[in-house]
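# Architecture and fold: a report
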Amino acid sequence: MANHSRKSLLLLVFFHTILLLKSQGCHHTDKQALLHLKKSITADPSNLLQTWTPQTDCCTQWEGISCDPISNRVTNLTRPGLFSTDDSPVDTSLSGTISPFIGNLSSLQILDLSNLKYLTGQIPPELGKLSKLNHLFLDSNDLSGSIPVEFNGLDQLVSFYINNNRLSGEVPQNLFANFTSLLKLGFSGNRFSGAIPPSIIKAVSLRSLDLHGNSFSGSIPKKIGELKNLIYFDLSENQLTGKIPESITALSKVVEIYLNGNGLIGKIPSSIDGLNSLQFARFSENKLTGNIPASIGKLTNIRSLVFENNRLSGKIPASIGHLITLNDIYFSNNLFTGKIPPSLGNLKNLQTLDLSRNRFFGPIPPQLVKLHMLQDFDMSYNPLSLRKIPSWFQKLSLFRLLLANTGLEGEMPDWLASSSVSTLDLSSNSLKGNIPSWIGNMTNLSSLNLSNNGFSSPIPVEFKNLVLLTDVDLHSNRLYGSLKPIYTKSCEFARGHYSNIDLSYNLFGGHVDEGIGDEPVMEFLQSLILSHNPLTGSVPKSLGKLSYLEVVELVGNGISGEIPMELGNAKALKTLLLSENSLSGGIPKEVLNLEYLENFDVSDNRLSGKIPVHKRVIPVKAFAGNAGLCGDPLPPCKH
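Treat the numbers as computed from the prediction; the structure is a model and nothing was measured.

Once that is clear, we can look at the overall build of the chain. Assigned secondary structure in the chain consists of four helices and 48 strands. Along the longest, intermediate and shortest principal axes, the C-alpha atoms of the chain span 115 × 70 × 45 Å. Going through the 639 residues of the chain one by one, you find that 52% of them count as buried. Contacts spanning at least 24 positions in sequence make up 53% of the contacts within the chain whose residues lie at least 6 apart. Accessible surface, the chain as shown: approximately 28300 Å² in total, 52% of it carbon and sulfur. Across the chain, the mean location of the 54 positive side-chain charges is 7 Å away from that of the 53 negative side-chain charges.

Have a look at this one:
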């Protein structure tokens, strides 16, 4: 009976204590720490911290704060700049710094100040005292400085995201020595330098490791294969050197590997088939050499192989034809040789095949006709000696067909008229004859490149039907007649406005239409290159109305008259080349002082007068060959 009374008394005291703690509300230390954080914020446009007032309970009345129900210590501080409400997503910000008093939140498990955009200053070392912290999100801010060495005490972290800031310096070498619970690490988009800390291999639970977009140097840690739980692995866009370590093939769970944009050398590991869960592999933009190992044919889950811009050589192994899950092959700009393996025809899910800029020879294997999913085919700049595009190509449903410099001869095949091709590049071949009138039936065309061939004809009037065309490059042919079919073509409300036009090195004649800049299809034009055609007339004033125009090249034409000052209204203009014409009068100051002008040349004309005062340094040769011009950078004017 006495024991029962004693137990009842103890329970009574216990519940009384809990009620007492609850009645006391938010712990004083925590409340003061949070108020210090609010004080360090200089702008809060969406009132994220409006409810944080000294008179209220931080545990129950402050938005973004949660507390332990027993101790009333703050366990969760979540005030991100990007979140969802019942109505819609919210994207907002905070300006200011992170208060070091946050380090006094000794029970904090979640700290989320991500996506606030304008948090500046350094990460306070005091945050290293948060020994119970599981999730740290400081990503997408404007934080600077280095990672405090005190952070090695955050050994309970599961998620650690500080990506997309301006953090710099070396990452402490022993930072991860005790991070055995860490699952996700995001350091990308900063300015970290030095070696990848060797202690990273101690974080054995890691599933996602993202260090891309920094300046890490040195080698990939040799024992990286000990991170056997990795699913996502991204070291791209750094300055890493050395070989890909053999141990990487022990990452049997990894689904995505990105090593692109470094200076890696050596061969692709021969035991790459150990990566049996791999779906996305990007090793591009490195200095890798040697053959692709035949064992690659055992990556039965692979969907994307991106090996472009390396120094890989030899033949593509026939075993690659076993990879029936493969969607994309990007092998361009390497040193591959031999014939294209017919086994590629087995890749029934292939959507992109880019083997351009290699040394492949021989015919394109007809087995590729089985690639019913193929949308993007690029074999440009290979010594294929094709002569003609194989007729079986018309059975494919291609969006992009690129066969530049592959030995094509004769006329364009008329089956293209009924194709679904959106991007067509047959440049740098020996095609000849007319630009066919049936080209007007290729109504899906958005990009057309027939440059550096032997076409000799006017632009057919049917060109106006290419309502989706935005980029046209016909330079270096023998085309003649009027430019009007080009710039009067039809367009849709939001599509089919030109971005780039290059008609240089042809035989187009007549005036450049004064109203060219008024045509609806020209509204978003960025680049207009008409050099080396026997054109006449003057530089159209209407070009000044094109607010997106960056490049104008009218070199070696028969253009006369004055340089219109209206060109100074084309505020985006970066390149203006008007040399080797018969222009007269002065140089308008509005043109010479365009804010973004980088490349300017009016040499070899009949210009006169004083060169207007200008801030940008323009070389003497840009004004040479104009006897009447004077003033900086030419000799001073004589009164």
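From this point on, the discussion continues.
Strand order in the open sheet formed by three strands is E1-E6-E8, and the pairing between neighbours is mixed. Pairing within the sheet leaves two strands with one partner each, and these edge strands are strand E1 (41-43) and strand E8 (117-120). Adjacent strand axes in the sheet meet at a mean angle of 20° when their direction is disregarded. The sheet contact formed by E1 and strand E6 (residues 94-97) spans two bridges and is antiparallel. By the bridge assignment for E6, Ile41 is matched with Gly96.

Attention shifts here to the sheet that holds strand E21 (residues 289-290). Taken in spatial order, the four strands line up as E21-E23-E25-E27 in an open sheet, and their pairing is parallel. Looking at which strands have only one partner, the edges of the open sheet turn out to be E21 and strand E27 (359-360). The sheet contact formed by E21 and strand E23 (residues 311-314) spans two bridges and is parallel. Following the sheet pairing, Gly290 is matched in E23 by Leu312.

Let us now look at the confidence of the model for the chain. Taken over all residues, the pLDDT of the chain has a mean of 94, while the share at 70 or more is 96%. Predicted confidence for residues 9-23 stays below pLDDT 50, and this span has four contacts to residues more than four positions away or in other chains.

The full count for this structure, using the stated rule, is three disulfides. Numbered in order of appearance, the disulfide-bonded cysteines of the chain are paired 1-2, 3-4, 5-6.

Turning our attention to the environment of His28. Among the structural elements, His28 can be located in helix H2 (residues 28-39). Taking the relative accessible area as the measure of exposure, His28 reaches 56% and is therefore exposed. Once the C-alpha coordinates of His28 and Glu580 are considered, the two residues, 552 residues apart in sequence, prove to be 79 Å apart.

Next up on the list: the side chain of Asn358. In this structure, Asn358 sits in the loop between strand E26 (352-354) and E27. At 3.1 Å, the side chain of Asn358 forms a polar contact with the backbone nitrogen of Asn334. When residues no more than four places from it in sequence are discounted, the contact partners of Asn358 are Phe331, Ser332, Asn333, Asn334, Leu335, Phe336, Tyr381, Asn382 and Pro383.

Now for the pairing of strand E32 (residues 430-433). Residues in a regular strand project their side chains so that they alternate between the two faces of the sheet. Looking at chain direction, strand E30 (residues 409-410) and E32 are connected through two bridges and run parallel. By the bridge assignment, Glu409 is partnered in E32 with Ser430. Pairing geometry for E32 and strand E34 (residues 454-455), over two bridges, is parallel. If you follow Gly433 over to E34, its bridge partner there is Phe455.

What follows deals with the pattern of salt bridges. Going through the model one piece at a time under the given rule, you end up with nine salt bridges. Between Glu409 and Arg387 there is a salt bridge, and its shortest N-O distance comes to 3.4 Å. Residue Glu409 is found in strand E30, and its partner Arg387 is found in the loop between strand E28 (376-378) and strand E29 (400-402); the two are separated by 22 residues along the sequence. A relative accessible area of 37% places Glu409 in the partly exposed class. Taking relative accessible area as the criterion, Arg387 reaches 56% and is therefore assigned exposed. Residue Lys589 is joined to Glu590 by a salt bridge in which the shortest nitrogen-to-oxygen separation is 3.6 Å. Judged by its relative accessible area of 33%, Glu590 is partly exposed.

Scanning the entire structure with this criterion turns up 18 aromatic pairs. By way of ring pairs, the aromatic residues Phe151, Phe160, Phe176, Phe179, Phe187, Phe192 and Phe216 are connected into one cluster. Here Arg357 stacks its cationic end above the ring of Tyr381, 4.2 Å away from the centre of that ring. Above the face of the Tyr498 ring, Lys489 is positioned so that its terminal group lies 5.3 Å from the ring centre.

Each α-helix turn comprises 3.6 residues. Residues three or four places apart therefore point the same way. The terminal C-alpha atoms of H2, which comprises twelve residues, lie 16 Å apart, in line with the 16 Å expected from a rise of 1.5 Å per residue. Along H2, the residues that are buried comprise Asp30, Lys31, Ala33, Leu34, Leu35 and Leu37. As for H2, its buried residues are in contact with E1, strand E2 (65-67), strand E3 (74-78) and E6.

Attention shifts here to the pairing of strand E12 (residues 166-170). As judged from the two bridges shared by strand E10 (residues 144-145) and E12, these two strands associate in the parallel manner. Of the residues in E12, the one forming a bridge with Gly145 is Leu167. With three bridges connecting them, E12 and strand E14 (residues 191-195) associate as parallel partners. Within E14, the residue paired with Ser168 across the bridge is Arg191.

Residue Pro633 follows Asp632 across a cis peptide bond; omega there is 10°. Backbone geometry places Tyr381, a non-glycine residue, at a positive phi of 55°. If you trace the backbone, Tyr381 turns up in the loop between E28 and E29. The exposure class of Tyr381 is partly exposed, given its relative accessible area of 29%. Phi is positive for Ser428, which is not a glycine, with a value near 55°. By the secondary structure assignment, Ser428 is in the loop between strand E31 (423-425) and E32. Residue classification places Ser428 among the buried positions, given a relative accessible area of 19%.

Moving on to the side chain of Asn214. Along the chain, Asn214 turns up in the loop between strand E15 (208-210) and strand E16 (215-218). Judged by relative accessible area, which is 6%, Asn214 ranks as buried. Of the polar contacts made by the side chain of Asn214, one reaches the backbone nitrogen of Phe192; its length is 3.1 Å. Polar contacts involving the side chain of Asn214 include one to the main-chain carbonyl oxygen of Leu211, which spans 3.1 Å.

Another aspect to go through is the environment of Asn238. Along the polypeptide, Asn238 turns up in the loop between strand E17 (232-234) and strand E18 (239-240). Distance in space between the C-alpha atoms of Asn238 and Arg387 is 43 Å, their sequence separation being 149 residues. Each residue touching Asn238, except ones within four places of it in the same chain, is listed here: Leu211, His212, Gly213, Asn214, Ser215, Phe216, Gly261 and Asn262.

Attention shifts here to the nonpolar core. Counting 179 residues, the largest nonpolar core has Leu77, Phe160, Phe187, Phe233, Phe377 and Phe623 as the members making the most contacts within it. Broken down by secondary-structure element, the contributors of at least two residues to this core are H2, E2, E3, helix H3 (484-487) and helix H4 (589-592). It is H2 that provides the largest number of residues to this core, a total of four residues.

About the criteria used
Residues numbered from 1 in each chain as written. Predicted model: local features only at pLDDT ≥ 70, side-chain atom pairs only at ≥ 80, totals over all residues. Heavy atoms only, no water. Helix = DSSP H or I, 4+ residues; strand = E, 2+ residues; numbered from the N terminus. Buried < 20%, exposed > 50% of the residue type's maximum accessible area, 1.4 Å probe, protein only. Contact = heavy atoms within 4.5 Å. Areas by Shrake-Rupley, 256 points an atom, 1.4 Å probe, with all protein chains shown as cover. Lys, Arg positive; Asp, Glu negative; His and termini not counted. Charge placed at Lys NZ, Arg CZ, Asp CG, Glu CD. Pairing = 2+ DSSP bridges. Axes fitted to C-alpha atoms, helices over the stretch in contact; angles between N-to-C directions. pLDDT = per-residue confidence, 0-100. Disulfide = S-S within 2.5 Å. Polar contact = N/O pair within 3.5 Å; in protein donor to acceptor, adjacent residues only side chain to side chain. Salt bridge = Lys/Arg side-chain N within 4 Å of Asp/Glu carboxyl O. Phe/Tyr/Trp six-rings, centres within 6.5 Å; stacked < 30°, edge-to-face > 60°. Lys NZ or Arg CZ within 6 Å of the ring centre and 35° of its normal. Expected span 1.5 Å × (residues − 1). Core = buried A, V, L, I, M, F, W, Y, C linked by side-chain atoms within 4.5 Å.

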